[in-house]
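# Tertiary structure, described
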Amino acid sequence: MFLFCEAGFTQQLQHSWVPTDTSCMLLQRPRRWIREQLDSLVEFWWPPTCLGCGCVLAAHPADDVFVCTGCRFDLSPLPPEFEFESGIWATQGYDGPVARAARGLKFHGRTELAGSLALLLAQSRVWDGNWTAVVPVPLHRVRLLRRGYNQAELLARWAVRQLRKRGHNIALAPRLLRRTRATLPQTEIAARDRFSNVNGAFDVPKRHAHLVQNARIVVVDDVTTTGATLQACRQALEQAGAAATCGLALARALP
Ligand SMILES: [Zn+2]
């Protein structure tokens, strides 16, 4: 049973700050109003654009549209057997406009694409489960310093925003997991070595361990191939006491 409202639980997970119920009640409504006003401003000045060709989309983002009608034919839906495999979900094949946008987000600083890509994450069937928190795959601090942002965290943040609009009571918890050592990029090593590359590379910081107890957690990443990174994250969370975990990747690169 949670002692905090949605906003309070998120604060607790993100900053280990313990709000009272009263502060939750007082803070939640103005925050929501401010967020809605900011959303309207953002949508006015930066209207949603197609992930494939960049044209301005006529539909409102709440309509879950992220590509124009023409680019919709270039999407790469996954066969059902690859949509869910060994506890890991994926929304699309790593191809076409989604792959181009995912590369733009990860390698070319195009952080403005995260919101549209997260619409895909929010449409996954994984959310039919009773999940309580979303944890992005963490970057090692050196890589985070070099890139300036964690693309998985941006995706998770936007996905949680979408899910809350749809009434899901789910918290973003980007500090529950940390990467304890730098690993080689998974794309640079053979598929058979990817599990050993990330094995034991994640843990739950002691100060957050109590938040993992009995939580039901979705770990979010941008791209998966063998699922090794997401499995290593799941293992760390389950060893720390999570009641259930699964992985969700924006795209799965098929072998
Ligand atoms: Zn398009």
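Remember, it's a predicted structure, so these values are computed and weren't measured experimentally. (Residues numbered from 1 in each chain as written. Predicted model: local features only at pLDDT ≥ 70, side-chain atom pairs only at ≥ 80, totals over all residues.)

### Quick look at the overall build of the protein
Looking only at helices and strands, one finds eleven helices and eight strands in the protein. Of all 255 residues assigned to the protein, the portion counted as buried reaches 37%. Put simply, 67% of the contacts in the protein that link residues at least 6 apart link residues at least 24 apart. (Helix = DSSP H or I, 4+ residues; strand = E, 2+ residues; numbered from the N terminus. Buried ≥ 20, exposed ≤ 12 C-beta atoms within 10 Å, placed from the backbone. Contact = placed C-beta atoms within 7 Å.)

### Digging into the environment of Phe 195
Assignment of secondary structure puts Phe 195 in helix α9 (residues 194-198). Here Phe 195 falls in the partly exposed class, since 15 other C-beta atoms lie within 10 Å of it. Sequence separation between Phe 195 and Leu 230 is 35 residues, and the spatial gap between their C-alpha atoms is 10.0 Å.

### A look at helix α5 (residues 96-107)
Three or four residues apart is the spacing at which side chains of an α-helix point the same way, because the helix has 3.6 residues per turn. The terminal C-alpha atoms of α5 lie 17 Å apart, and with twelve residues this matches the ideal 16 Å at 1.5 Å per residue to within 8%. Residues of α5 that are buried: Pro 97, Val 98, Ala 101, Ala 102 and Leu 105. The arc enclosing the buried residues of α5, seen along the axis, measures out at 130 degrees, which places them on a common side. The inward-facing, buried residues of α5 contact α3 (69-72), β2 (88-93), α6 (114-122), α8 (151-165), β7 (216-224) and β8 (244-252). (Expected span 1.5 Å × (residues − 1). Arc of directions from axis to C-beta.)

### Some thoughts on the nonpolar core
If you look at the biggest cluster of nonpolar residues, it comprises 64 residues, and the most contacted ones within it are Leu 117, Val 134, Leu 155, Ala 159 and Val 220. When residues of this core are assigned to their parent elements, the largest contribution, eight residues, is made by α8. If we ignore the near neighbours within four places in the chain, the residues touching Leu 155 are Ala 114, Leu 117, Ala 118, Leu 121, Val 220, Asp 222 and Leu 250. (Core = buried A, V, L, I, M, F, W, Y, C linked by C-beta atoms within 7 Å.)

### Focus on the packing of α6 against α8
Each pair of packed helices can be described by the angle between their axes along with the distance between the axes. Where α6 contacts α8, the two axes come as close as 8 Å, and the packing angle between them is 60 degrees. When the axis of α6 is compared with that of α8, the two are oblique. Crossing geometry of α6 relative to α8 is assigned as right-handed. Contacts between α6 and α8 involve Ala 114, Gly 115, Leu 117, Ala 118, Leu 119, Leu 121 and Ala 122 on the former and, on the latter, Leu 154, Leu 155, Trp 158, Ala 159, Gln 162 and Leu 163. Within the contact of α6 with α8, the residues separate by chemical class into eleven nonpolar, two polar and no charged. (Axes fitted to C-alpha atoms, helices over the stretch in contact; angles between N-to-C directions. Parallel < 35°, antiparallel > 145°, perpendicular 65-115°, else oblique. Left-handed = near helix turned anticlockwise from the far one by under 90°. Nonpolar A, V, L, I, M, F, W, Y, C, P; charged D, E, K, R; others polar.)

### Looking at α6
In terms of residue burial, α6 counts as a mostly covered element, since nine of its nine residues are buried. Buried within α6 we find Ala 114, Gly 115, Ser 116, Leu 117, Ala 118, Leu 119, Leu 120, Leu 121 and Ala 122.

### As for the pairing of strand β3 (residues 133-136)
Residues of β3 alternate between two faces, with Ala 133 and Val 135 on one and Val 134 and Pro 136 on the opposite face, all of them buried. Here β3 runs beside strand β4 (residues 171-172); their pairing, made up of two bridges, is parallel. Paired with Val 134 across the bridge in β4 is Leu 172. In this structure, β3 lies alongside β7, joined through four bridges in parallel fashion. Bridging across to β7, Pro 136 finds its partner in Val 220. (Pairing = 2+ DSSP bridges.)

### Observations regarding the sheet that holds β2
What the six strands build is an open sheet, ordered β1-β2-β8-β7-β3-β4; its pairing is mixed. The outermost strands of the open sheet, each flanked by one partner alone, are β1 (84-85) and β4. Pairing geometry for β7 and β8, over eight bridges, is parallel. The residue bridging Ile 217 from the neighbouring strand is Thr 245, located in β8.

### Comments concerning unusual backbone geometry
Backbone geometry places Ser 86, a non-glycine residue, at a positive phi of 50 degrees. Taking the number of C-beta atoms within 10 Å as the measure of exposure, Ser 86 has 11 and is therefore exposed. You will see that Asn 214, though not glycine, has its phi angle at about 65 degrees, which is positive. Locating Asn 214 in the fold gives a position in the loop between α10 (209-212) and β7. Taking the number of C-beta atoms within 10 Å as the measure of exposure, Asn 214 has 11 and is therefore exposed.

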